[in-house]
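Spelled out, the chains give:
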Amino acid sequence: MVAIVIILLVLWAVLAFVGFAVKGLLWLAIIALVLFVVTAIIGVLRRAGR
């Protein structure tokens, strides 16, 4: 489970970077940042529940 969360966090970070780097893809960066935060919160909550 931890590996999946880490993979998703890396994926969202890469998408956010691409969104900020490529002009016109700011929407991609915003969505990626939101998904990054949601994934991090879910990962922390599941880990704290154990």
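Before reading on, note that the structure itself is shown above.
(A) How the structure looks around the environment of Val14. With respect to the element layout, Val14 can be found in helix α1 (residues 2-21). By relative accessible area, which is 46% here, Val14 ends up partly exposed.

(B) Structural detail: α1. The first and last C-alpha atoms of α1 sit 29 Å apart over 20 residues, in line with the 28 Å expected at 1.5 Å per residue. Listing the buried residues of α1 in full gives Val5, Leu9, Trp12, Ala16 and Gly19. Down the axis, α1 shows its buried residues gathered within 90 degrees of arc, on one side only. Exposed residues lying more than 90 degrees from the buried face of α1 are Ile7, Phe17 and Ala21. Buried residues belonging to α1 abut α2 (26-49).

(C) Examining the packing of α1 against α2 more closely. As a packed pair, α1 and α2 sit with axes 7 Å apart at the nearest point and diverge in direction by 160 degrees. One way to sum up the angle between α1 and α2 is to call them roughly antiparallel. The handedness of the crossing between α1 and α2 comes out as left-handed. Every residue of α2 that contacts α1 at Val2, Val5, Leu8, Leu9, Trp12, Ala13, Leu15, Ala16, Val18, Gly19 and Phe20 is listed here: Leu26, Leu28, Ala29, Ala32, Leu33, Leu35, Phe36, Thr39, Ala40, Gly43 and Arg47. Residue classes in the contact of α1 with α2 are distributed as 18 nonpolar, three polar and one charged.

(D) Representation of the environment of Ala16 in the model. With respect to the helices, strands and loops of the structure, Ala16 is situated in helix α1. Of the residues examined, Ala16 reaches a relative accessible area of 5% and is grouped as buried. Taking the C-alpha atoms as reference, Ala16 lies 14 Å from Thr39; in sequence the two are 23 residues apart.

Procedures and definitions
Residues numbered from 1 in each chain as written. Predicted model: local features only at pLDDT ≥ 70, side-chain atom pairs only at ≥ 80, totals over all residues. Heavy atoms only, no water. Helix = DSSP H or I, 4+ residues; strand = E, 2+ residues; numbered from the N terminus. Buried < 20%, exposed > 50% of the residue type's maximum accessible area, 1.4 Å probe, protein only. Expected span 1.5 Å × (residues − 1). Arc of directions from axis to C-beta. Contact = heavy atoms within 4.5 Å. Axes fitted to C-alpha atoms, helices over the stretch in contact; angles between N-to-C directions. Parallel < 35°, antiparallel > 145°, perpendicular 65-115°, else oblique. Left-handed = near helix turned anticlockwise from the far one by under 90°. Nonpolar A, V, L, I, M, F, W, Y, C, P; charged D, E, K, R; others polar.

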